[in-house]
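Each chain, written out:
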Amino acid sequence: MSAEVRTDQATRSGAGEHAKIKVAAVQMASGPSVSANLEEAFRLIEEAAARQARLVVLPEYFCIMGMKDTDKLAVRENPGEGEVQNFLSETARRFGIWLVGGSVPLVSPVSNKVYNSCLVYDEHGQQVARYDKIHLFGLSMGNENFAEEKTIDAGNRVVALDSPFGRMGLSICYDLRFPELYRMMGKVDIILAPAAFTAITGKAHWETLIRARAIENQAYLVAPAQGGFHVNGRETNGDSMIVDPWGVVIDRLPRGSGVVVAEIDRSYQLSVRASLPALEHRCLLAC
């Protein structure tokens, strides 16, 4: 497994140590119509931008929650083209924001599978990062049965990038259960975790996992989620939240479509890391 780090002068110069920047997590209850989902996403992105968010993150599967798992194969896109990617690029440029498509189905070398890809666009509408979901969800519990490996081709690259808001690490949903993924990113300031947690697993573990990843990495964690009842009969947990480096939930939205907005304070983050330098104390492999 390899790691990819994007760093350039433009992004380095914007990540001030004393910056306070608003970020937003969008919550949706997406359905099988891509066009309807994009219309709803636009409305919520517009709301986030009106609330001064400079980084807006959409949930996993924001563009489609099909009637069956294979529906996403019919709307998969080639990298750099297609309705969903054009929407993300144009919307980021229109509002002058960094916009993250929580996951988009992209073409895979395996004909009956897609990559579940998190795509990051800068304020000019340029795609600056892509992360293909590595950990594929599987569950058999009561009426809930999921096997993502049947329709998704797993990624194999850890992705972190520098941005005007600090260094960001990319992950998707089930990745939250694997803390070693985030250690491989190095020291990140913000972790993005767009998700579509099930009602059962979300109720039991969602908040605990989100707060744990924030605490152990002393990072802000932006977790937009699918939340509610879907046309296909599925129920997702929701509870989109933004958590600070001390593990405090700054803001959250339990259910339904909407936007969570919070301020990222780099000075506060630096004070947490200075007061409790756990990242420097880590020595399992370094001592």
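Keep in mind the model is a prediction, meaning the values are calculated, not measured.

### Things to note about the pattern of salt bridges
And then number 1: Tallying each qualifying case throughout the model produces 15 salt bridges.
And then number 2: Measuring nitrogen to oxygen at the nearest pair gives 3.1 Å for the salt bridge that ties Glu-235 to Arg-255. Here Glu-235 is found in strand S14 (residues 235-237), whereas its partner Arg-255 is found in the loop between strand S16 (249-253) and strand S17 (258-265), with 20 residues between them in sequence.
And then number 3: Judged by its relative accessible area of 27%, Glu-235 falls in the partly exposed class.

### Some remarks on the nonpolar core
Where a protein is soluble and globular, its nonpolar side chains tend to be buried together.
And then number 1: Ranked by size, the top nonpolar core spans 50 residues in total, and within it Leu-55, Val-120, Met-168, Leu-192 and Trp-206 carry the most contacts.
And then number 2: Membership of the second largest hydrophobic core comes to 28 residues, among which are Val-34, Ala-48, Ala-53 and Leu-119.

### Points about the confidence of the model for the protein chain
And then number 1: Summing up the model confidence of the protein chain, the mean pLDDT is 93 and the portion of residues at 70 or higher is 93%.
And then number 2: Within the model, pLDDT remains below 50 along residues 7-14, and this stretch shows eight contacts once partners closer than five positions in the same chain are excluded.

### A word on the packing of helix H2 (residues 34-50) against helix H4 (residues 83-95)
And then number 1: Where H2 meets H4, the axes come as close as 11 Å, and the angle between the chain directions of the two elements is 20 degrees. In terms of orientation, H2 and H4 fall into the roughly parallel class. For the element pair H2 and H4, the recorded crossing hand is right-handed. Seen from H2, the contacting residues are Val-34, Ser-35, Leu-38, Ala-41, Phe-42, Ile-45, Glu-46 and Ala-49; seen from H4, they are Glu-83, Val-84, Phe-87, Thr-91, Arg-94 and Phe-95.
And then number 2: When grouped by side-chain class, the residues that make up the contact of H2 with H4 number nine nonpolar, two polar and three charged.

Scoring rules and cut-offs
Residues numbered from 1 in each chain as written. Predicted model: local features only at pLDDT ≥ 70, side-chain atom pairs only at ≥ 80, totals over all residues. Heavy atoms only, no water. Salt bridge = Lys/Arg side-chain N within 4 Å of Asp/Glu carboxyl O. Helix = DSSP H or I, 4+ residues; strand = E, 2+ residues; numbered from the N terminus. Buried < 20%, exposed > 50% of the residue type's maximum accessible area, 1.4 Å probe, protein only. Core = buried A, V, L, I, M, F, W, Y, C linked by side-chain atoms within 4.5 Å. pLDDT = per-residue confidence, 0-100. Contact = heavy atoms within 4.5 Å. Axes fitted to C-alpha atoms, helices over the stretch in contact; angles between N-to-C directions. Parallel < 35°, antiparallel > 145°, perpendicular 65-115°, else oblique. Left-handed = near helix turned anticlockwise from the far one by under 90°. Nonpolar A, V, L, I, M, F, W, Y, C, P; charged D, E, K, R; others polar.

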